[in-house]
Amino acid sequence: MASPDLNLLFALDALLAEGSVARAARRLRLSPSAMSRTLARLREATGDPLLVRAGRGLVATPRAEELRRQVGRAVQDAEALLRPAELLDLRRLDRVFTLRTNEGFVEEFGPRLVARVEADAPRVRLRFAAKSNKDAMSLRDAAIDLEIGVAGETGPEVRIQALFRDRFIGAVRADHRLSEGTVAPERYAAGRHISVSRRGREKGPIDEALGTFGLQRTIVCMVSGFSAALALARASDLIASVPERHTAGARAGMHSFALPVATVEVTISMLWHPRLDADPAQRWLRECVREVCAGR
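Residues numbered from 1 in each chain as written. Predicted model: local features only at pLDDT ≥ 70, side-chain atom pairs only at ≥ 80, totals over all residues. Heavy atoms only, no water.

Asks: I would appreciate a short explanation of a nonpolar patch on the surface in the present structure.
Replies: The grouping of Leu6, Leu9 and Phe10 at the surface amounts to a nonpolar patch, some 250 Å² of accessible area in total. Its location among the elements puts Phe10 in helix α1 (residues 7-18). (Patch = residues over 30% accessible without salt bridge, like charges linked within 9 Å, V, L, I, M, F, W, Y side chains within 5 Å. Areas by Shrake-Rupley, 256 points an atom, 1.4 Å probe, with all protein chains shown as cover. Salt bridge = Lys/Arg side-chain N within 4 Å of Asp/Glu carboxyl O. Helix = DSSP H or I, 4+ residues; strand = E, 2+ residues; numbered from the N terminus.)

Asks: Explain the layout of surface pockets to me, please; I cannot follow it from the model alone.
Replies: Rolled over the atoms, a probe with the dimensions of a water molecule shows which regions are left empty. The space that makes up the largest pocket amounts to roughly 1300 Å³. As for the largest pocket, its lining consists of 40 residues, of which Phe168, Val196, Ser197, Arg198 and Phe226 are closest to the centre. Those elements that provide at least two residues to the lining of the largest pocket are α5 (103-120), β4 (125-129), β5 (146-150), β8 (192-196), α8 (205-211), β10 (239-243) and β12 (266-272). (1 Å grid on protein atoms, 1.4 Å probe; cavity = no way out; pocket = protein on both sides within 12 Å on 5 of 7 lines; lining within 4 Å. Points joined across faces, edges and corners; volume = space filled by probe spheres on them.)

Asks: What am I meant to see in the nonpolar core here?
Replies: Among soluble globular proteins, nonpolar side chains are generally buried collectively. Ranked by internal contacts, the top residues of the largest apolar core, which has 25 residues, are Phe97, Trp284 and Val289. Contributing elements (two or more residues each) for this core: β3 (96-100), α5, β5, β6 (159-166), β12 and α10 (280-294). The dominant element in this core, judged by the number of residues it contributes, is α10, at seven residues. Setting aside anything within four residues of it in sequence, one finds Phe97 in contact with Val124, Arg125, Leu126, Arg127, Asp145, Ala281, Gln282, Trp284 and Leu285. (Core = buried A, V, L, I, M, F, W, Y, C linked by side-chain atoms within 4.5 Å. Buried < 20%, exposed > 50% of the residue type's maximum accessible area, 1.4 Å probe, protein only. Contact = heavy atoms within 4.5 Å.)

Asks: What am I meant to see in the pattern of salt bridges here?
Replies: Close approach of charged atoms allows side chains with opposite charge to pair. For the structure on display, the rule yields 18 salt bridges. Between Asp277 and Arg286 there is a salt bridge, with the nearest N and O atoms lying 3.6 Å from each other. With a relative accessible area of 17%, Asp277 lands in the buried category. One continuous salt-bridge network, built from bridges that share partners, spans Asp13, Glu18, Arg23 and Arg27.

Asks: Got a minute to help me understand the pairing of β8 in this structure?
Replies: Looking along a regular strand, one sees the side chains alternate between the two faces of the sheet. Looking at chain direction, β8 and strand β9 (residues 218-223) are connected through five bridges and run parallel. Across the sheet, the residue bridging to Arg192 is Thr218, located in β9. Regarding topology, α8 serves as the crossover connection from β8 to the parallel β9, and that connection is right-handed. In this sheet, β10 lies alongside β8 in parallel orientation, the contact comprising two bridges. Looking at the pairing, Ile194 lines up with Ala240 of β10. (Pairing = 2+ DSSP bridges. Right-handed = clockwise from strand over helix to strand, strands pointing away.)

Asks: What is the right way to read the packing of aromatic side chains from this model?
Replies: Working definition: an aromatic ring pair is given by the centre-to-centre distance plus the angle between the planes. Following the criterion strictly, the structure yields five aromatic pairs and no others. With a centroid separation of 6.5 Å and 55° between ring planes, the pair formed by Phe97 and Trp284 is classed as tilted. In this pair, Phe97 sits in strand β3 while Trp284 sits in helix α10, placing the two residues 187 residues apart along the sequence. A residue is classified by how much of its surface remains accessible, and Phe97, at 0% relative accessible area, is buried. Judged by relative accessible area, which is 10%, Trp284 ranks as buried. Over the ring of Phe164 we find Arg245, and its NZ or CZ is 4.4 Å from the ring centre. (Phe/Tyr/Trp six-rings, centres within 6.5 Å; stacked < 30°, edge-to-face > 60°. Lys NZ or Arg CZ within 6 Å of the ring centre and 35° of its normal.)

Taken by themselves, the reported measurements are silent on function.
Structure (structure tokens):
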């Protein structure tokens, strides 16, 4: 029995990642016709059509979805084996790393991360990109080096590592009526509140938790970020409910208190594409992020 052509693994990885013969051909620097012939060979080898026509595009079959994770890891391991070992000279490293995260992370951890990176690699620049969406395509195309936030639905090939857990707390101006005494669910619900939602949602988990007590809070305004919520609360009688670690610096001079209802803690993680997993500079960057988030 003839040995399989292992080059087909790289072609399969490109086809499943791109979902397009033309884009996979560009990625591997082949002609579209050559990639079409390779897809035909893959179909014959696997006994499955792998990608089928759906309108103007192609969609993966169930078998292809099963193979996606396996082939991604196989290609990554092969690339790592064939990549020559290099010593990373951080003092001469001249690169721009793009991190996609929300403004709260930038405000709280950004200054320390910039200082940590600059101490090792003075020529490296960090670009913080806004979290307009969570598509895995930007990670796959290397437009984004790291995604930092709550991990939602991701592609099966994306690497995820938890950084820390965060909980929501209440924040009011220093002389607010809630700055004294115990904040019971009734006192908290009776106040005037700010809702934070990038999607403009008025209600959320806090409202669901209050509902178990038969309580409902009054939402006076909605904003898209925690910094805006804290700015409003600092200058008014409004109550902001914000993540504790993300807003430690922004809450300076304000009164903070534990929410009187149980809410689920959130796990903040960093996400990256496997093709960057073994890159020495990328590994160093991820270690910098881990150290800063751990407070080291």
